[in-house]
Amino acid sequence: MSAAVEVRDVSKVFNAGRPNAVQALVDMDLTIEPGEFVSLIGPSGCGKSTALRLIANLLEPTSGQVLMNGKPARKARLDQDYGMAFQQAGLFDWRTVAKNVELPLELKGWDKAKRRTRALEMLDLVKLGDFADHFPWQLSGGMQQRVAIGRALAAHPPLLLMDEPFGALDEMTREHMQAELLRICGETSTTVVFVTHSIPEAVYLSTRVIVMSPRPGRITDVIDVDLGPRRGLETREAVAFFKKITEVREALRGIETSDIA
Amino acid sequence: MFGLALLLVAVLWELYKWVGPEDGGTVFGLAILPRTSDYAMPHVWDMLARYAQPERRGFPTPIISTVASGAWFSLRLALAGFAMGTLVGLGLAIVMARFKVIERGLLPYLVVSQTVPLIALAPLVVSWGGKLHLGAFEWPRWLSAAVLGAFLAFFPVAVGTLKGLTSAPPAALELMDSYAASWRQTLFKLRFPAAVPYLVPALRLGATASVVGVVVAEISTGLAGGIGRLIIEYAREATADPAKVYTAVFGAAALGLLMAGMVATADLMLMRNRPREIVE
């Protein structure tokens, strides 16, 4: 079985050849196996969002290659082999919650009844079954983000790409959403690539934390996190959890402080 | 609220008529105060009473029915013009949203088009229309007026729709990209719905502009039957029958309100499930 994601020697330069050229990412190599939960963490400008967009094929690499399940990233995007969630839930105001979840299925040309059934299934999964016919602006931020996760997983993609999806939520909601995300990904056996600013979030969620640094964006450390199944507070208050947090923090410290503006 | 504002205007009118100088006045040598004689400013009640009297002595029906049928005639022209203008405006906006190059090339000309005086354009449209023969199709005279209404209506629709179509947030566009959605899918599933809050004010401007276009076109092309023609006819009799012209002027104003009201109703229907927010 081929890797869920393979990033081979990928570099990205914005505005290549112009005076304002920016080296966003240099020689990134990363292989993600199915079932892994990988976080990309680092200060602003370290290229973590760029890396995610390269994997999603929303950007084309300047050099190197991205494969998803052995397929070129472009083909994977056209086949909708991944789902994506952003910091802003990005739900469409004019669609009901269920219709928002149906959007990717609609674009794939599913028929109406099948779409509706799947949307309701997904809403049950994210525990919003009672809100199918509400409108997004009637929901709290955390609920909106859950709808967005339901939408991202609606077509049952094997891979979920998330760009700071909980960045706009308060701490309590955030921890709750992290637990929910692990449950959902466990139930659906989805591989996740997750971009975040938060060290505890990265450690709590991930099987592997990729530490990145800016100017130019690159991977500086890879930290395996083996905390066993996560058990809420029990895990969050365990010594092993704090140890990992310290390890990631020190890896981030290793980045010259002058780089972190 | 609207009724109250109307009443206030009437009160101000009468108040100025009462205190203002009969033969107009000068301030620092400039003749800026309007005359308040009954010829220049008829009483509000005289205007209202005028509606009940016939257009000319001996006519069987009161002038209100003449004004109403003129307004009805012009309304149909304005609706036709508004429809054409909206179609053209939407089409232009879509093309400009799709191709940045076309937006850069075309938009300045659209702006320039609105600076051409309608009165200069009207005879041209009539003569072009008169030369146009498409098989059995003969260019009817009323179509020139409708086209001139469309000429004023398309611009706000095009500009407003363009702004609306490009208002979709980058994250939403990225989301559609991640679904490998085609440009058409993105247009209908994202850009158009996102444009609705911008579309409504644009359509309201377009609706009233089409009324202005049609009224001016009736006057400058000499098209009979509409409210524009009534205004110019009655204005000639202003010295003998000063209240008469106002009956037609108010008819034209009501027409504009009616058109704007139709758009407002459409707005309520389109926006009923949206959060109410202010679009800048």
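Below, the structure is looked at part by part. Sequence order as written defines residue numbering, which begins from 1 separately in each chain. As a convention, the first chain written is A and the first ligand written is 1, with the rest following in written order. Local features are withheld for residues below a pLDDT of 70 in this predicted model, meaning they are given only at 70 or higher, and side-chain atom pairs are given and counted only at 80 or more; totals for whole chains, interfaces and linings count all residues.

**Concerning the overall build of chain A**
Step number 1: Secondary structure elements are defined from DSSP: runs of H or I of at least 4 residues count as helices, runs of E of at least 2 residues count as strands, and each element is numbered from the N terminus. The helix and strand tally for chain A stands at nine helices and ten strands.
Step number 2: As a reference, a globule follows 2.2 Å times the number of residues to the power 0.38, and the radius of gyration itself is taken over C-alpha atoms. The C-alpha atoms of chain A give a radius of gyration of 18 Å, which matches the 18 Å a tight globule of 261 residues would have.
Step number 3: Seen through its C-alpha atoms, chain A measures out along the principal axes to roughly 55 × 45 × 35 Å.
Step number 4: Here chain A, with 261 residues, has 42% of them falling under the buried criterion. Burial is judged by counting other C-beta atoms within 10 Å of a residue's own C-beta: 20 or more means buried, 12 or fewer means exposed, and anything between counts as partly exposed, with every C-beta placed from the backbone.

**Structural notes on the sheet that holds strand β1 (residues 5-14) of chain A**
Either a parallel or an antiparallel arrangement is found when strands of a sheet pair, and the pairing is made through backbone hydrogen bonds.
Residues and elements named next belong to chain A.
Step number 1: Taken in spatial order, the four strands line up as β2-β1-β4-β5 in an open sheet, and their pairing is antiparallel. Either end of the sheet is taken by a strand with one partner, and the two such strands are β2 (22-32) and β5 (71-72).
Step number 2: The pairing criterion is simple: DSSP has to find at least two bridges between the two strands. The pairing of strand β4 (residues 63-68) with β5 spans two bridges and is classified as antiparallel. In the sheet register, Met-68 faces β5, and the bridge partner there is Lys-71.
Step number 3: Most of the contacts of helix α1 (residues 48-55) go to β1, to which it runs at about 120°, and overall it touches β1, β2 and β4. With C-beta atoms placed from the backbone, a contact is any residue pair whose C-beta atoms sit within 7 Å. To obtain each axis, a line is fitted to C-alpha atoms, and for helices this fit is confined to the stretch in contact; angles are then taken between N-to-C directions over 0 to 180 degrees.

**Some words on the pairing of strand β10 (residues 218-224) of chain A**
Residue and element names in this part refer to chain A.
Step number 1: With six bridges connecting them, strand β9 (residues 208-213) and β10 associate as antiparallel partners. Across the sheet, the residue bridging to Met-212 is Ile-219, located in β10.
Step number 2: Between β9 and β10, which pair antiparallel one after the other, the connecting turn spans four residues, and Arg-215 there sits at a positive phi close to 45°.

**Examining the interface of chain B and chain A**
Step number 1: Each partner contributes to the interface: chain B provides 14 residues, whereas chain A provides 16 residues.
Step number 2: For the side of chain B that touches chain A, the secondary structure elements donating two or more residues are α7 (170-178) and α8 (183-221) of chain B.
Step number 3: With six residues, the top contributor of residues to the side of chain B that touches chain A is α7(B).
Step number 4: Note that Gly is not counted as nonpolar here; it falls among the polar residues with everything else outside the nonpolar set of Ala, Val, Leu, Ile, Met, Phe, Trp, Tyr, Cys and Pro and the charged set of Asp, Glu, Lys and Arg. In terms of residue class, the side of chain B that touches chain A is built from eight nonpolar, three polar and three charged.

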